[in-house]
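An overview of the molecular structure
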Amino acid sequence: MSWFISPRRLREQGVLGMNQRNIEYISGYNDRRLFPLVDDKLKTKQLAIAEGLAVPPLVGVIEYQHQVSTIGELLKTQDAFCIKPSKGSGGKGILVIHDHDNQEYFKPNNQSLSLADIKRHTSNILAGLFSLGGQPDKAIIEYLIHFDESFANYSYEGVPDIRIIVFRGFPVMAMMRLSTAASDGKANLHQGAVGVGIDIVTGKASYAIQHDRPVAKHPDTGMLLSDICIEGWPDLLSMAARCYEMSGLGYLGVDIVLDERQGPMLLELNARPGLAIQIANNNGLLKRFDAISALEDTHMSPEQRVAFVQRSFAVPPL
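I will try to describe carefully the structure that is included in this document. (Residues numbered from 1 in each chain as written. Predicted model: local features only at pLDDT ≥ 70, side-chain atom pairs only at ≥ 80, totals over all residues. Heavy atoms only, no water.)

Our next topic: the pattern of salt bridges. Two side chains carrying opposite charge are able to pair once their charged atoms lie near each other. Within the structure shown, the criterion is met by twelve salt bridges. Put simply, D255 and R163 hold a salt bridge, and the shortest N to O gap is 2.5 Å. Pair noted here: D255 is in strand 13 (residues 251-259) and R163 is in strand 8 (residues 161-167), with a separation of 92 residues, a long-range link. With relative accessibility at 3%, the residue D255 sits in the buried group. Overall, R163 belongs to the buried group, its relative accessible area being 6%. Residues participating in the shared-partner salt-bridge network are D161, R163, R177 and D255. (Salt bridge = Lys/Arg side-chain N within 4 Å of Asp/Glu carboxyl O. Helix = DSSP H or I, 4+ residues; strand = E, 2+ residues; numbered from the N terminus. Buried < 20%, exposed > 50% of the residue type's maximum accessible area, 1.4 Å probe, protein only.)

Here's what the structure looks like:
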C-alpha cells in the first residue's frame, strides 16, 4: 500500500476504513459499558490477573495528591520502574526510569531527573494532564520490563511491543512496534516508530513501514527487519484470544511485551485500535473479518480459534 493507491484497489485488498471501523466494528461489537475495563489500565491489569494472564508486576498506585510526598519511599524498593497514567493513551505521560540512586533518576537516554521532577510528573498525572478527556487519574508504578535480548538491537531506547487485533475472539492480524530516535523512544507509529507486520502463522516478519513507507532496516540500528522471528508465537496468540472472554469486547487491540525474565506479558487492551496495522502488514483486515463472520459456529476455545487463524491466514512470502 502507498499514499497513492486508488479507492478501488483499497477495496480489492479488503482495507478497513475509519468510518466503517467506527460504525460496524467498534459500535457493532464493543458494548460501551465495557469500555472502562480497557480504558483504565489498572482495571485491565486486575482483570488479567484474575484471568491468570501475566502482566508487569504492580509496584504501587498513587491515587491522591497527599500520597505524592510518599513516592520516594515507594521507589526505593525498585532499581528500575515505569510510572504511567491509568487512563492515558498514545503513550502520553509514560515515564521510564532505568536506574537511580534515590537522588538522581535516569531515563533511558540518561537524562537525569530529581525526585521533585518525579513528584511533579506524578501530580500532573493525577490532575489528568495525560488522561482521556482530561479526567482526574491515578498514577500506576510498575516493574520495568527487561525486553528479550533477541530484540535488543531492533529498538532505540524503548521497549518493543506486539499489537494483535482480535475479532470475535480470533487473533487476525499482528505487528511489532519498534521505537526509534524519531519517535523519542516510544512505540507509537504516528510518532515515527517502525511497524513490522508479523505473519500470524509463523510469527516471522512479513513487511515493515515507517511513516507509512516501506523500510527494510531499523533506521537507527541498521538491523534487517525481515530477520525478526518471535519465539513461542502460538502462546502470544492464545493470550490475545483469551482477552476476548476476559473483556467481552468483540473488536480489540491487544498489546503484549516480551520480558526476558518472565516471558510474554499483557500490557494493555484497546477498544478502538488504529488501522495502521494494515499498512504494516501490506494487507487489509476485512477479508479476515469476513472469513470469521462466515463461520457457522464461532463457539470455540481460544486454542481452537488460534488453530483456525493459523490454518486460514498465512501470508505469502514477498
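Turning to the packing of aromatic side chains, a few remarks are in order. Aromatic rings considered in pairs are described by the distance between their centres and by the relative angle of their planes. Applying the stated criterion to the full structure yields eleven aromatic pairs. Relative to F289, the ring of F167 has its centre 4.4 Å away and its plane inclined at 35°; by these criteria the two rings are tilted. With F167 in strand 8 and F289 in helix 9 (residues 286-293), this residue pair connects regions lying 122 residues apart in the sequence. Take F167 and F289: they sit in the same class, and that class is buried. Joined through ring pairs, the aromatic side chains of Y25, Y29, F167, Y251 and F289 make up one cluster. (Phe/Tyr/Trp six-rings, centres within 6.5 Å; stacked < 30°, edge-to-face > 60°.)

If you look at the biggest cluster of nonpolar residues, it comprises 64 residues, and the most contacted ones within it are V172, V196, I228, W233, L266 and F289. By residue number, the principal contributor to this core is helix 7 (residues 233-247), which donates eight residues. If sequence neighbours within four positions are ignored, V196 has contacts with A174, M175, M176, L178, A205, Y207, A208, L225, I228 and A280. (Core = buried A, V, L, I, M, F, W, Y, C linked by side-chain atoms within 4.5 Å. Contact = heavy atoms within 4.5 Å.)

Strand order in the open sheet formed by four strands is 1-7-2-3, and the pairing between neighbours is antiparallel. In the strand order of this sheet, the two ends are held by strand 1 (58-62) and strand 3 (95-97), each with one partner. Going across the sheet, the axis of each strand differs from the next one's by a mean of 15°, ignoring polarity. With three bridges connecting them, strand 2 (residues 81-85) and strand 3 associate as antiparallel partners. (Pairing = 2+ DSSP bridges. Axes fitted to C-alpha atoms, helices over the stretch in contact; angles between N-to-C directions.)

On to the sheet that holds strand 10 (residues 194-198), then. What the seven strands build is an open sheet, ordered 12-11-10-9-8-13-14; its pairing is antiparallel. The outermost strands of the open sheet, each flanked by one partner alone, are strand 12 (213-214) and strand 14 (263-270). Sheet analysis places strand 8 next to strand 13, joined by six bridges and oriented antiparallel. Each residue of the ladder has a partner; that of I165, found in strand 13, is G253. Of the strands in this sheet, strand 8 and strand 13 are in contact with helix 2 (residues 18-29), which crosses strand 13 at around 80°.

Attention now goes to the state of the cysteines. What the rule picks out here adds up to zero disulfides. Free cysteine: C82, not disulfide-bonded; nearest cysteine sulfur from C243 at 19 Å. Judged by relative accessible area, which is 9%, C82 ranks as buried. (Disulfide = S-S within 2.5 Å.)

Let's shift gears to the environment of F81. Mapped onto the secondary structure, F81 falls in strand 2. For F81, a relative accessible area of 0% gives the class buried. Separated by 35 residues in sequence, F81 and Q46 place their C-alpha atoms 19 Å apart. If near-sequence neighbours (up to four positions away) are discounted, F81 is found in contact with L75, L95, V96, I97, H100, Y105, I141, E142 and L144.

Attention now goes to a negative patch on the surface. Together, D79, D99, D101 and E104 make up a negatively charged patch on the protein surface. Note that D79 resides in the loop between helix 5 (71-75) and strand 2. Judged by relative accessible area, D79 falls into the exposed class, the value being 67%. (Patch = residues over 30% accessible without salt bridge, like charges linked within 9 Å, V, L, I, M, F, W, Y side chains within 5 Å. Areas by Shrake-Rupley, 256 points an atom, 1.4 Å probe, with all protein chains shown as cover. Lys, Arg positive; Asp, Glu negative; His and termini not counted. Charge placed at Lys NZ, Arg CZ, Asp CG, Glu CD.)

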